[in-house]
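For reference, the chains in residue letters:
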Amino acid sequence: MAIFLFKSVILSLTIILNYDIIQSVLIRKNKDNVMNYIKNFWQHRYLLGELVKKGIKLKYRRSYLGIIWSLLEPLLTTIVLTIVFGTLFGVKDATFPLYVLCGRLLFSFFSSGTNGALRSIRANSGMIKKVYVPKYLYPMASILFNFIIFLISLIILIPLALYCHVTPKISWLYIILPLFLLILLTFGVGMILSTIDVFFRDMEYLWSVCTLLIMYMSAIFYPPEKLLNSNFGFLLKYNPLFGIIQTFRNCMLGDPLNWKYIAYAGGFSVICILVGTVIFYKKQDVFILHI
Amino acid sequence: MGKEALIVDNVSMKFNLSSEKVDNLKEYFIKALKREISYDEFWALKNVSFSINKGDRLGILGLNGAGKSTLLKVIAGVFKPTEGTVIKKGRIVPLLELGAGFDMQYTGKENIFLYGSVLGFSKKYLESKYEEIVAFSELGRFIDVPLKNYSSGMKSKLGFSIATIAEPDILILDEVLSVGDAKFRKKSEAKIMQMMADGTTVLFVSHSLEQVKRICNKAIILEHGKLIANGLVEEVAPVYEKIIE
């Protein structure tokens, strides 16, 4: 029943959105419009690069360890989480630290990426009010710079995997797939949030509550089996982030992939991007009147 | 007749003046229930049309609140007009807000690349012009100091040096620039004059008819968002004199 409801919602959403896109892109000025957008983006590619660089440079400026923090921080939290929850749930699996670290890393990118995008329009209001810049560059840059820091932080997986006696294997290369899904999802959600935040500032507080809930619903520091087999399994199953994290773990541990998770997360991300792009596109011209 | 550099076609700009800004859900629902959300429409610009050719220097005259700044922001692309279109040929440099996009934690050097890319310069181009920008800005060794330690004069000097490093096709000036000290002001004026001599199209906003007469060859007058005069500066000047009497 629940699945049916969900599917019908998604179906109707796609129909509505497709109609919208056809209206806004195809009917209006069809090809010219799209070409102008691409041309405009190409002209501003250096700015995108500069904004990404600025995010990375300023994040760790004036700290002694600098970028090393992006490795150290997940490692330290993983140690605490492993000790506390490993003991609490009585996990005997030797790869549990790796399990926790994978979840911790992916979740923290999702969290910092969406929160960064959420605030990006207001944070750059000074620039938006004074010069013309394609506005989607701000959420995009904020997600990209978080993604680059996240990619660097993935290095810490290697020593921990070796510590857990997980030898490097070819399936490690498949992590590209969950990483791709993750950035799609973050971008889609980020675009939606950044648009909403311009009009309703409460979104910042609301979303920090939501991220906390999503964290508990993503099976980051507990084994998911018990919850999956209970009546509340849908909490995990309908959370695309859980599917992405599980896929990532499967790649790291060399387990078979669950294609249902991948398909669901992929579909969810694409829908988020469609919704996000359309509402952002429709509202971007009035941003300036509200910031 | 030269080529048209800028066409402003029937541009109107509407603002909703709400007495208070409603920016959280609770307020919004309460007000919506009480039907208190009402907007006063305000047309800052109404059906403004004009065009200028390449190399023209257009003076934009008008009293306070006539819509001059709104018009400039529409032309610069910051506002999207409610109605009508603006067609621009070439790169516009608005010398309105020097250093929009400066980051205070960044050093002068890093800001050159950041602000330069905001204005649409490529990294390669900025690298080739870097020495020239630093030399013009007279910042010397301060270029490696974070911007938060700059004086306001230093910031605007740097902003001006970056914005004018390449000759723009269209230059937007709001009043006469007052950048930095007297010496730098002279230098920056000379630079602008040289750009004009080279055939850059200029939009110049001013209250002073004298300045407009001195600099511009064409002029328009805005009053309450409407275009009431448009033509050569000699023709428009008497109209403006009548208004300010």
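Heads up: the structure comes first, above all this text.
Residues numbered from 1 in each chain as written. Chains lettered and ligands numbered in written order. Predicted model: local features only at pLDDT ≥ 70, side-chain atom pairs only at ≥ 80, totals over all residues. Heavy atoms only, no water.

### Focus on helix α7 (residues 137-153) of chain A
End to end, α7 of chain A covers 24 Å across 17 residues, agreeing with the expected 24 Å (1.5 Å per residue, within 8%). Those residues of α7 of chain A lying buried are L137, Y138, P139, A141, S142, I143, F145, N146, F147, I149, F150 and S153 of chain A. (Helix = DSSP H or I, 4+ residues; strand = E, 2+ residues; numbered from the N terminus. Expected span 1.5 Å × (residues − 1). Buried < 20%, exposed > 50% of the residue type's maximum accessible area, 1.4 Å probe, protein only.)

### Digging into the environment of P178 of chain A
Residues and elements named next belong to chain A. Locating P178 in the fold gives a position in helix α9 (residues 176-199). Residue P178 is classed as buried on the basis of its relative accessible area, which comes to 0%. Along the sequence, P178 and F248 sit 70 residues apart, while their C-alpha atoms lie 5.6 Å from each other. Residues within four places of P178 in sequence aside, it is in contact with I244, T247, F248 and C251. (Contact = heavy atoms within 4.5 Å.)

### Thoughts on the sheet that holds strand β9 (residues 226-232) of chain B
Residue and element names in this part refer to chain B. Strand order in this open sheet of 6 strands is β5-β6-β7-β3-β8-β9, and the pairing throughout is mixed. Here the strands that pair on one side only, and so sit at the sheet edges, are β5 (92-95) and β9. Taking each pair of neighbouring strands and ignoring which way they run, the sheet shows an average axis angle of 15°. Pairing geometry for strand β3 (residues 57-62) and strand β7 (residues 201-205), over 4 bridges, is parallel. Bridge assignment links I60 to a residue of β7, and that residue is V205. Sheet contacts for helix α2 (residues 68-76): β3, β5, β6 (170-174), β7 and β8 (218-223); angle to β3, the most-contacted strand, approximately 140°. Those strands touched by helix α8 (residues 233-244) are β3, β8 and β9, and its axis lies near 140° from that of β9. (Pairing = 2+ DSSP bridges. Axes fitted to C-alpha atoms, helices over the stretch in contact; angles between N-to-C directions.)

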